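An overview of the molecular structure
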Amino acid sequence: MANSSITIDVIFNAINRLTGGFSGISAGIVKLQGQVDRFNAGMWKVNQVSELFGRMSDTMGKMGAPGVAFEQGMADMSSITGIVGKDLELLGKNARKVGKESGLGASGAVGAYQILASQIEADKIGMDGLNTLLQKTITLSQASAGLGVSDAANAIAGTINQFGYAADQADRVMNVLAAGSKIGAAEVPDLAMSFKVAGAAAKSAGLEVEDTAAAIEVLSKNNVKGSEAGTALRNVLLKMQTELGFDFKVTKLSDALATLKDKQGDATFMSKIFGQENMVAAQFLVQNAAMVDEYTTRMTGTSIATEQAAIRTNTFAHRMEVLKARINDAGISFYQTSGG
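From a predicted model like this one, the values you see are computed outputs, not experimental measurements. (Residues numbered from 1 in each chain as written. Predicted model: local features only at pLDDT ≥ 70, side-chain atom pairs only at ≥ 80, totals over all residues. Heavy atoms only, no water.)

Points about the overall build of the chain
We count it as follows: Secondary structure elements are taken from DSSP: a helix is a run of H or I of four residues or more, a strand is a run of E of two residues or more, and numbering for both begins at the N terminus. Two residues qualify as a contact provided that any one of their heavy atoms is within 4.5 Å of a heavy atom in the partner residue. Accessibility throughout is a Shrake-Rupley quantity obtained with a 1.4 Å probe, and a residue counts as covered only by protein chains that appear here.
Per the secondary structure count, the chain includes 15 helices and zero strands. Sequence-distant contacts in the chain: of pairs separated by 6 or more residues, those separated by 24 or more amount to 72%. As presented, the chain carries roughly 18100 Å² of accessible surface, and 56% of it is formed by carbon and sulfur atoms.

The structure is reproduced here in structure tokens:
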């Protein structure tokens, strides 16, 4: 029995010592777990703060983006056109105003200014002339489905240059371009390309933009467009002047074409006068002389661009564009106020 008691005591003492060790380990684990929990809690706070700053940075970046784009656009325009100082400041203010009203946005308006001012000497037409051209450019873009403001600016500026018009003729040019694209198969960019080739020659011959556009749109009915139509019309006009003696300052183009009705079927005569390369175009214009006259009349004194623009901007989609432009303009103000 004595030996049994000793054995039991030894076992219990060993268990006690072992249990005590486990208790110490457990306490250490609990203490370590507490530290880990506090560390995780701290990291959670750090992550939250980091995410907050990240969101703030993104928000500030988005708010400032319109200002960054506008500033760069103004700098580009100044470097391309040479406009600086007060004139540049006035154009910037008008770009923001027109951009908000039209839904184009300030940066879009500045881009149109760049095209206009790079093609037309700003010194000759002044800032008021540039502002007029910008407004007409935007109206033409709004009047024609799928016509971007850049194409509209190129079309108006190029046409004015080719025909030697002043800036106050921008409304006339805008409406002729819109009416032509509606009447015939040649769209505004096609007309602009044709004018680039034939405009100066037509003006020199005594034609105006209405007569020229009418002839080009008639040629478009025969699937002759763009520079091809411009080249054909230019050559036909030159031949009618040099070979047949027509003076378009005295005789309308449509009347001159009508006098050749009896000759249009005479391939030998037509080929001799106009050349093989221009004979088909000449025959088609002579055959449709009455259509040239009709189109000229329909393009004269029209306000089709203004009317179409009013219809196409009376939509929910356009109102959303205007709202977006206003929000972006607020971003420009934020950028300028915050100093970037």
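A look at the pattern of salt bridges
Condition: Each reported salt bridge corresponds to a side-chain nitrogen of Lys or Arg within 4 Å of a carboxyl oxygen of Asp or Glu. Burial here depends on accessible area, computed with a 1.4 Å probe over protein chains only, as a share of the maximum for the residue type. Under 20% is buried, over 50% is exposed, and the range in between is partly exposed.
For the coordinates displayed, the defined rule picks out eleven salt bridges. Note that Lys97 is salt-bridged to Glu101, the shortest N-O span being 3.1 Å. Of the two residues, Lys97 and Glu101 are both situated in helix H2 (residues 85–102); the distance of four residues between them amounts to about one turn of the helix. Ionic pairing is found between Lys100 and Asp329, a salt bridge with its closest N-O pair at 3.7 Å. Of this pair, Lys100 sits in helix H2 while Asp329 sits in helix H15 (residues 316–338), and the two are 229 residues apart along the sequence. Residue class for Asp329 comes out buried when judged on its relative accessible area of 9%.

Looking at a nonpolar patch on the surface
Quick note on the threshold: A patch consists of residues whose relative accessible area exceeds 30% and which take part in no salt bridge; residues with like charges are grouped when within 9 Å of each other, and nonpolar side chains (Val, Leu, Ile, Met, Phe, Trp, Tyr) when within 5 Å.
A cluster of nonpolar residues, Phe316, Met320, Leu323 and Ile327, forms a patch on the protein surface that exposes about 420 Å² of accessible area. Looking at where Ile327 falls in the secondary structure, it is placed in helix H15. Relative accessible area serves as the criterion here: at 54%, Ile327 is assigned to the exposed category.

Examining the environment of Arg234
Secondary-structure assignment places Arg234 in helix H9 (residues 226–242). Dropping the residues within four chain positions of it, Arg234 is found in contact with Val197, Ala198 and Ala201.

Section: helix H5 (residues 149–163)
For clarity, the cut-off: Here the expected length of a helix is defined as 1.5 Å per residue gap, with one fewer gap than residues.
In this model, H5 (15 residues) spans 21 Å end to end at C-alpha, consistent with the 21 Å of a helix rising 1.5 Å per residue. What H5 keeps buried is the set Val149, Ala152, Ala153, Ala155, Ile156, Ala157, Gly158, Thr159, Ile160 and Phe163. Gly164 occupies a position one or two residues after H5 and carries a positive phi of about 65°.

A word on the packing of aromatic side chains
Quick reminder of the rule: Between 30 and 60 degrees the pair is tilted, below 30 it is stacked and above 60 it is edge-to-face, where a pair is any two Phe, Tyr or Trp rings, Trp via its six-membered ring, whose centres lie within 6.5 Å.
Across all of its chains, the model carries two aromatic pairs by this definition. With 5.5 Å between their ring centres and 90° between their planes, Phe163 and Phe195 make a pair best called edge-to-face. A residue pair is termed long-range when its members are at least 10 positions apart, and Phe163 in helix H5 and Phe195 in helix H7 (residues 188–205) qualify at 32 residues. Judged by relative accessible area, which is 1%, Phe163 ranks as buried. Note on Phe195: relative accessible area 0%, which makes it buried.

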